[in-house]
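Now for the letters of each chain:
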Amino acid sequence: MRSLVAILIALAALLAPSAQAQVLSVEEWVEEWDEARQEWVRIEDGAARLANVAPAMARGSLAFPAPHAVKSDGYGPFRVTGENSAELVGLTDRASPRHFERLLRDHPGITVLKFVEAPGTDDDRANLALGRMIREAGITTHVPKGGSVRSGAVELFLAGAARKIDEGAEFAVHSWIDIHGKQPHDYAIDARENRIYLDYYREMGMAPHQARAFYDMTNSVGFDGAKWLTARDMRGWLGQDNTGTGADGDMNGNIVIPKPRIELPEQIAYLDSDAMLP
């Protein structure tokens, strides 16, 4: 991507008795290389996916650790919990890749990222970039008992070089929404808006048909809803065993699409509409 800043300067009437200061208008946008069109194209800010669910209320989840129980070193939503471990506790945003880069710079020994309370993201493009950073660093992603991984945070969990899911973990997926109010089904499946997710899933080890099946599942519920998955459900999508260990199957693309799989009743997630980009 590359950023362009167009600055348009309009001067108020010069020498007028009520002369005002200069009026400065700044417009900023992001361009992305479109492989199909072989040109730079202007894109909108990242879409938002956020599901804020009240712990131990909406779905009877286990209580999460109190804030004072987690060591914080000021890395945005990331918290250092040991020489080799960190936790994701909170929403990711446009600054999260920079926070994560700083985290690894200061703590190069981190090999495990635990997902404790991960409601999603308000910038999917930054979120996908963060996922690629997690994979490149070879970090294991782990959802402990009582951990909740929702919306855009699911993409971050998938980025783990190895992925572990404890019994009692929960997941929730739903569609993204862009600043125009459009969702995945408003675009052709091969449109750029959908390709960025399908391409990401393939980078994380899914074959094309598996990436499409997983993406369709996440989009089976609109932005204002949520599809809940248990630890067993998500292990099925990842081709892991279901003995309770959460051990990975083949991480190099042989992700098994479960047939049949358990479908949980859809429930409405608590959403923070203020998190949507302007």
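Please refer to the structure higher up on the page.
Student: Would you take a moment to explain the overall build of the chain for this structure?
Tutor: Looking only at helices and strands, one finds 6 helices and 13 strands in the chain. For the chain, with 278 residues in total, the buried portion stands at 46%.

Student: Would you mind showing me how to read the pattern of salt bridges here?
Tutor: Where charged atoms from two side chains of opposite charge come close, those side chains can pair. Per the stated rule, a full pass over the model turns up 6 salt bridges. Between Arg94 and Asp123 there is a salt bridge, with its nearest N and O atoms 3.4 Å apart. Of the two residues, Arg94 sits in the loop between β6 (85–89) and α1 (96–106) while Asp123 sits in the loop between β8 (120–121) and α2 (124–136), which places them 29 residues apart along the sequence. Among the salt bridges present, the one from Arg105 reaches Asp106, with a minimum N-O distance of 3.1 Å. A relative accessible area of 58% means that Arg105 is categorised as exposed. What makes Asp106 partly exposed here is its relative accessible area of 36%.

Student: Looking at this model, I keep getting lost on the environment of Thr230. Mind explaining?
Tutor: Within the secondary structure layout, Thr230 lies in strand β13 (residues 227–230). As a C-alpha pair, Thr230 and Ser148 span 82 residues in sequence and 9.9 Å in three-dimensional space.

Student: Help me understand the pairing of strand β12 (residues 170–173), please; the structure alone is not making it clear to me.
Tutor: Side chains on a regular strand alternate between the two faces of the sheet. Judged by which residues are buried, β12 turns out to be covered on both faces: Glu170 and Ala172 on one side and Phe171 and Val173 on the other are all buried. With 3 bridges connecting them, strand β10 (residues 148–150) and β12 associate as parallel partners. Note that in β12 the partner of Arg150 across the bridge is Ala172. In terms of strand pairing, β12 meets β13 through 4 bridges, oriented antiparallel. Residue pairing in the sheet places Phe171 in a bridge with Leu229 of β13.

Student: Teacher, can you tell me more about unusual backbone geometry here?
Tutor: Excluding glycine, a negative phi dihedral is what most residues carry, and trans is how most peptide bonds are arranged. Its identity as a non-glycine residue notwithstanding, Ser151 has a phi of 55°, on the positive side. With respect to the element layout, Ser151 can be found in the loop between β10 and α3 (153–158). Residue classification places Ser151 among the buried residues on the basis of a relative accessible area of 2%.

Student: I'm lost on the side chain of Ser148 in this one. Help?
Tutor: Relative to the helices and strands, Ser148 is located in strand β10. The buried category is assigned to Ser148, whose relative accessible area is 0%. Reaching out from Ser148, the side chain makes a polar contact with the side chain of Glu170 at a distance of 3.0 Å.

Student: Help me understand the packing of α2 against helix α4 (residues 192–203) in this model?
Tutor: Running from N to C, α2 and α4 point in directions that differ by 10°, and their axes come no closer than 11 Å. With respect to α4, the element α2 is oriented roughly parallel. Note on element contacts: α4 touches α2 through Ile196, Tyr197, Tyr200 and Glu203, opposite Asp124, Arg125, Leu128, Gly131, Arg132 and Arg135. Grouping the constituent residues of the contact of α2 with α4 by class yields 4 nonpolar, 1 polar and 5 charged.

Student: Sorry if this is basic, but what is going on with α4 here?
Tutor: Within an α-helix, residues lying three or four positions from one another point in the same direction, as the helix has 3.6 residues per turn. In this model, α4 (12 residues) spans 16 Å end to end at C-alpha, consistent with the 16 Å of a helix rising 1.5 Å per residue. Among the residues of α4, those classed as buried are Arg192, Asn194, Ile196, Tyr197, Leu198, Tyr200 and Tyr201.

Student: When you look at the environment of Gly90 in this model, what are you seeing that I'm missing?
Tutor: Positionally, Gly90 belongs in the loop between β6 and α1. Residue classification places Gly90 among the buried positions, given a relative accessible area of 18%. Through-space distance from the C-alpha of Gly90 to that of Pro119 is 6.4 Å; in sequence the pair is 29 residues apart. The residues contacting Gly90, other than those within four sequence positions of it, are Pro77, Glu117, Ala118 and Pro119.

Cut-offs and rules
- Residues numbered from 1 in each chain as written.
- Predicted model: local features only at pLDDT ≥ 70, side-chain atom pairs only at ≥ 80, totals over all residues.
- Heavy atoms only, no water.
- Helix = DSSP H or I, 4+ residues; strand = E, 2+ residues; numbered from the N terminus.
- Buried < 20%, exposed > 50% of the residue type's maximum accessible area, 1.4 Å probe, protein only.
- Salt bridge = Lys/Arg side-chain N within 4 Å of Asp/Glu carboxyl O.
- Pairing = 2+ DSSP bridges.
- Polar contact = N/O pair within 3.5 Å; in protein donor to acceptor, adjacent residues only side chain to side chain.
- Axes fitted to C-alpha atoms, helices over the stretch in contact; angles between N-to-C directions.
- Parallel < 35°, antiparallel > 145°, perpendicular 65-115°, else oblique.
- Contact = heavy atoms within 4.5 Å.
- Nonpolar A, V, L, I, M, F, W, Y, C, P; charged D, E, K, R; others polar.
- Expected span 1.5 Å × (residues − 1).

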